[in-house]
Amino acid sequence: MRIIDVDFVSDLVDACQYFWSAGWGEYHAGNISYLLDEKELNQIQDYLECIKTVKVDFDTSGLEGKTFMITRSGAAFRTMKKRYEKDLGIIRFKENSYDILWGFDHGTGSPTSELPAHVLCHRARLADDPKNKIVMHCHPTYLNAMTMIHSLDEEEFTKTLWKMNSECPLVFPEGVSVLPWMVCGEGPIGPATARKMKNKRVVIWPFHGIFSSGASIADAIGLIEAIDKNAHIYVLVKSNIIHSMSDENVQELKDHFGLK
Ligand SMILES: [Zn+2]
């Protein structure tokens, strides 16, 4: 059996493919991490060996012994189906380091540069919901547009999204978090995102994208779908016209063509 034939691996590859088709995972955008449980570890045990150990400079307390499947730095979601052994990898945390156990092109690549945001978000979500398994990041088109035309106050942002559809308060009753704009990658944005995830499943990075989490891939994707769909409606109904014909221009047309 190939590792891609294991359900959770093929589900992850399908999720990447879906992000690309939705227009949320262009070029090297997007990253996903999945926390493996004992049953899933047993399913792929034969594939795992310590290829190398990598030191990290963020606080790994509470992560030791946890094993994640995670996308590679520079991975392309469009071609994930063909390149999953290069663009996915499995890592297990130790104190201040992790072992690469599979993938990343035999350990020559490395996990996404958003690794600290991912695993610190896992830790924050697990404290709130022990069933949490997934953290994903992508660039939803209409949500990014909404961050450019709406206040970034997270209460106001949440209320606007809730009002777009009667089902929104049911889908994300706890609301969404919004960070101020920050430099992405390794650095303060990871811990800042994790702090916001202590009591929310979604964190929005203005002018960039979203971090979503959940007990399953379907839950985490569903949240993004619901938020981007309603951001789309907001963008459609909010007038952002800065140039258009004036009343006088329309009158000129009327006069010129003799319109009634
Ligand atoms: Zn991004």
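Quick caveat, the model's predicted, so the values are computed rather than measured. (Residues numbered from 1 in each chain as written. Predicted model: local features only at pLDDT ≥ 70, side-chain atom pairs only at ≥ 80, totals over all residues. Heavy atoms only, no water.)

Both the distance between ring centres and the angle between the ring planes are used here to describe each pair of aromatic rings. Across all of its chains, the model carries nine aromatic pairs by this definition. Taken together, a centroid distance of 6.5 Å and an interplanar angle of 45 degrees make the contact between Tyr-18 and Phe-19 tilted. Of the residues examined, Tyr-18 reaches a relative accessible area of 30% and is grouped as partly exposed. An aromatic cluster is defined as three or more aromatic residues linked by ring pairs; in this entry it consists of Tyr-18, Phe-19, Trp-24 and Phe-77. (Phe/Tyr/Trp six-rings, centres within 6.5 Å; stacked < 30°, edge-to-face > 60°. Buried < 20%, exposed > 50% of the residue type's maximum accessible area, 1.4 Å probe, protein only.)

Throughout the structure, instances matching the rule amount to 11 salt bridges. Taking the shortest distance from any N to any O, the salt bridge between Arg-123 and Asp-59 comes out at 3.7 Å. You can see Arg-123 sitting in helix α5 (residues 115-128) and its partner Asp-59 sitting in the loop between β2 (52-55) and β3 (67-71), a full 64 residues away along the chain. You can call Asp-59 partly exposed: its relative accessible area is 44%. For Arg-72, the salt bridge identified is with Asp-87, shortest N-O distance 2.8 Å. Of the two residues, Arg-72 is situated in the loop between β3 and α3 (80-87) and Asp-87 in helix α3; the sequence distance between them amounts to 15 residues. Each of the two residues, Arg-72 as well as Asp-87, counts as buried. Members of the salt-bridge network, linked through shared partners, are Asp-37, Glu-40 and Lys-133. (Salt bridge = Lys/Arg side-chain N within 4 Å of Asp/Glu carboxyl O. Helix = DSSP H or I, 4+ residues; strand = E, 2+ residues; numbered from the N terminus.)

Here we come to the UniProt feature "domain: Class II aldolase/adducin N-terminal" (unreviewed entry) in the protein chain. The UniProt record annotates "domain: Class II aldolase/adducin N-terminal" (unreviewed entry) at residues 10-235. For the annotated span residues 10-235, helix accounts for 42% and strand for 20% of the residues, and the straight-line distance between the end C-alpha atoms is 34 Å. (UniProt positions renumbered as here; feature names shortened; annotations may be inferred.)

So, about the environment of Ile-4. As for its position among the elements, Ile-4 is in the segment before α1 (7-21). Judged by its relative accessible area of 13%, Ile-4 is buried. Taking the C-alpha atoms as reference points, Ile-4 and Ser-151, separated by 147 residues in sequence, lie 43 Å from one another. Discounting chain neighbours no more than four positions away, the residues touching Ile-4 are Val-9, Ser-10, Val-13 and Tyr-84. (Contact = heavy atoms within 4.5 Å.)

Let's shift gears to α3. Among the residues of α3, those classed as buried are Met-80, Tyr-84 and Asp-87. The buried residues of α3 all sit within an arc of 100 degrees when viewed along its axis, so they share a single face. Elements that come into contact with the buried residues of α3 comprise α1, β3, β4 (88-94) and β5 (97-103). (Arc of directions from axis to C-beta.)

With that out of the way, let us pick up α1. In a regular helix each residue adds 1.5 Å, so 15 residues correspond to 21 Å; α1 covers 21 Å between its end C-alpha atoms and thus fits that length. For α1, the set of buried residues is Phe-8, Val-9, Ser-10, Leu-12, Val-13, Ala-15, Cys-16, Gln-17 and Phe-19. Residue Gly-23 follows α1 closely and has a positive phi angle near 85 degrees. (Expected span 1.5 Å × (residues − 1).)

As a further point, take the coordination of the zinc ion. Looking at the metal site, the zinc ion is ligated by His-137 (NE2), His-139 (NE2) and His-208 (NE2), spaced 2.1 to 2.2 Å from it. As a motif over one chain, the donors of the zinc ion read H-x1-H-x68-H. Overall, the relative accessible area of 1% leaves His-137 in the buried class. (Donors = N, O, S within 2.8 Å, 3.2 Å for Na, K, Ca; no water.)

Turning to a nonpolar patch on the surface, a few remarks are in order. Together, Met-148, Leu-152, Trp-181, Val-183 and Phe-207 make up a nonpolar patch on the protein surface, roughly 540 Å² of accessible area in all. The class of Trp-181 is exposed, set by a relative accessible area of 54%. (Patch = residues over 30% accessible without salt bridge, like charges linked within 9 Å, V, L, I, M, F, W, Y side chains within 5 Å. Areas by Shrake-Rupley, 256 points an atom, 1.4 Å probe, with all protein chains shown as cover.)

Looking now at the sheet that holds strand β7 (residues 177-178). Here we have nine strands laid out as an open sheet, ordered β2-β5-β4-β3-β1-β6-β9-β8-β7, and mixed in their pairing. Looking along the sheet, the strands with just one partner apiece sit at the ends: β2 and β7. As paired elements, β3 and β4 share five bridges and run antiparallel to each other. Bridging from a neighbouring strand, Met-69 pairs with Ile-90 of β4. Sheet strands in contact with α1 are β1 (31-35), β3, β4 and β6 (134-138), and its direction is about 160 degrees off that of β1. (Pairing = 2+ DSSP bridges. Axes fitted to C-alpha atoms, helices over the stretch in contact; angles between N-to-C directions.)

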